[in-house]
Amino acid sequence: MATILEASGLGSMVSMIMVFLFVFVVVFTLLKKIKFFGSDGFDAIIAFVFAVFTLMVPETHVVIGNFLPWFFLFLLLALMIIMFFMFLGVKGETIAGLTKEPFMQVIGIGGILMLFFISMTQAFGPFLMVDPAAIGFWATTKRLIFSRHFLGMIVLFFIGAYTISFLAESK
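Residues numbered from 1 in each chain as written. Predicted model: local features only at pLDDT ≥ 70, side-chain atom pairs only at ≥ 80, totals over all residues. Heavy atoms only, no water.

1. Comments concerning the overall build of the chain
- Helix and strand counts for the chain stand at eight helices and zero strands.
- Along its sequence from the N terminus, the chain presents helices and strands in the succession α-α-α-α-α-α-α-α.
- For 171 residues, the compact-globule estimate of 2.2 N^0.38 gives 16 Å, and the C-alpha radius of gyration of the chain, at 21 Å, exceeds that figure by more than 25%.
- The principal-axis extents of the C-alpha atoms in the chain amount to approximately 60 × 55 × 45 Å.
- The buried share of the chain, reckoned over its 171 residues, is 15%.
- Of the contacts formed within the chain by residues at least 6 apart in sequence, a portion of 49% connects residues at least 24 apart.
- Across the chain, 9 positive and 8 negative side-chain charges occur, with their mean positions spaced 9 Å apart. (Helix = DSSP H or I, 4+ residues; strand = E, 2+ residues; numbered from the N terminus. Rg over C-alpha atoms; globule rule 2.2 N^0.38 Å. Buried < 20%, exposed > 50% of the residue type's maximum accessible area, 1.4 Å probe, protein only. Contact = heavy atoms within 4.5 Å. Lys, Arg positive; Asp, Glu negative; His and termini not counted. Charge placed at Lys NZ, Arg CZ, Asp CG, Glu CD.)

Structure (structure tokens):
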């Protein structure tokens with residue numbers, strides 16, 4: 001169904017503006033937080049250059065344009081879940097403490113990374129698909145990373161790390 005923005009031709013322009021603003025704000029905030037360059041004016045110039053370069057490459061526009069709506073839906077879902085539990089009587093301090101748990105942070109970061117990889121697939125095609133007949137460094141790396149032995153080892157490492165941290169906290 002066509003929207004007013006698409007019918008008037010402003011949809012792509014608004015999308016470009018939103019991508020520009022997102023990249024500018026994120027880069028400027030990170031530069032201001034780490035205080036690498038010192039002055040806010042220089043941080044703003046660097047953030048502006050990053051945002052302009054992002055718009056010059058069409059693939060980054062597609063990746064960020066596909067990522068942002070799903071990212072905000074993910075945040076809205078998390079907010080609704082928190083509000084649901086607060087409606088049931090859970091205190092805000094308890095929920096704030098729960099968000100500081102490493103397990104919950106891993107779930108949040110994992111969800112965001114999953115959305116990012118889905119957006120990358122929209123821009124670059126199925127770049128993570130493993131072709132068993134392919135040769136070369138990247139094909140071999142993908143076969144290794146997505147093999148069941150390697151993934152099982154990663155799961156075992158996570159289980160071991162969680163067990164060690166649990167045992168260390170209980171003493």
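Continuing now.
2. Remarks on the packing of helix 3 (residues 40-56) against helix 4 (residues 58-87)
- Here helix 3 crosses helix 4 at 100°, and the two axes come no closer than 5 Å. The angle between helix 3 and helix 4 places the two elements in the roughly perpendicular class. Contact residues: helix 3 offers Thr54, Leu55 and Met56, while helix 4 offers Pro58, Thr60, His61 and Ile64. (Axes fitted to C-alpha atoms, helices over the stretch in contact; angles between N-to-C directions. Parallel < 35°, antiparallel > 145°, perpendicular 65-115°, else oblique.)

3. Overview of the side chain of histidine 61
- One can find histidine 61 in helix 4.
- A distance of 3.4 Å separates a polar atom in the side chain of histidine 61 from a polar atom in the side chain of serine 15.
- Histidine 61 has contacts with Ser15, Met16, Val19, Thr54 and Leu55, leaving out every residue within four places of it along the chain. (Polar contact = N/O pair within 3.5 Å; in protein donor to acceptor, adjacent residues only side chain to side chain.)

4. Description of the packing of helix 2 (residues 11-34) against helix 3
- Where helix 2 meets helix 3, the axes come as close as 8 Å, and the angle between the chain directions of the two elements is 145°. Here helix 2 runs over helix 3; the crossing is right-handed. Contact residues: Met16, Val19, Phe20, Val23, Phe24, Val27, Phe28, Leu31 and Lys32 in helix 2; Asp40, Asp43, Ala44, Ile46, Ala47, Phe48, Phe50, Ala51, Val52, Thr54 and Leu55 in helix 3.
- Grouping the constituent residues of the contact of helix 2 with helix 3 by class yields 16 nonpolar, one polar and three charged. (Left-handed = near helix turned anticlockwise from the far one by under 90°. Nonpolar A, V, L, I, M, F, W, Y, C, P; charged D, E, K, R; others polar.)

5. Side note on the packing of aromatic side chains
- Tallying each qualifying case throughout the model produces eight aromatic pairs.
- Their ring planes at 80° and their centres at 5.6 Å tell us that phenylalanine 20 and phenylalanine 48 sit as a pair that is edge-to-face. In this pair, phenylalanine 20 sits in helix 2 while phenylalanine 48 sits in helix 3, placing the two residues 28 residues apart along the sequence.
- For phenylalanine 48, a relative accessible area of 45% gives the class partly exposed.
- Grouping aromatic residues by their ring pairs yields a cluster made of Phe67, Phe71, Phe72, Phe116 and Phe117. (Phe/Tyr/Trp six-rings, centres within 6.5 Å; stacked < 30°, edge-to-face > 60°.)

6. Digging into the nonpolar core
- Val23, Val27, Ile64 and Phe67 are the most contacted members of the largest nonpolar core, which totals 13 residues.
- For this core, the secondary-structure elements that each account for two or more residues are helix 2, helix 3 and helix 4.
- Per element, the largest residue contribution to this core is five residues, and it comes from helix 2.
- The residues touching isoleucine 64, leaving out its near neighbours within four places in the chain, are Val19, Phe22, Val23 and Thr54. (Core = buried A, V, L, I, M, F, W, Y, C linked by side-chain atoms within 4.5 Å.)

7. Describing a nonpolar patch on the surface
- A surface patch of nonpolar side chains, amounting to about 1000 Å² of accessible area, comprises Ile34, Phe36, Phe37, Phe42, Ile45, Phe48, Val49, Phe53, Met56 and Val57.
- When residues of the nonpolar patch are assigned to their parent elements, the largest contribution, six residues, is made by helix 3.
- The residue valine 57 is located in the loop between helix 3 and helix 4 in this model.
- On the basis of relative accessibility, which here comes to 35%, the residue valine 57 falls in the partly exposed class. (Patch = residues over 30% accessible without salt bridge, like charges linked within 9 Å, V, L, I, M, F, W, Y side chains within 5 Å. Areas by Shrake-Rupley, 256 points an atom, 1.4 Å probe, with all protein chains shown as cover. Salt bridge = Lys/Arg side-chain N within 4 Å of Asp/Glu carboxyl O.)

8. A closer look at the side chain of aspartate 43
- Relative to the elements of secondary structure, aspartate 43 occurs in helix 3.
- Of the side chains bearing the opposite charge, lysine 32 lies closest to the buried aspartate 43, which forms no salt bridge; the N-O distance is 7.5 Å.
- Here aspartate 43 is in contact with Phe28, Leu31, Lys32 and Phe37, once residues within four sequence places are set aside.

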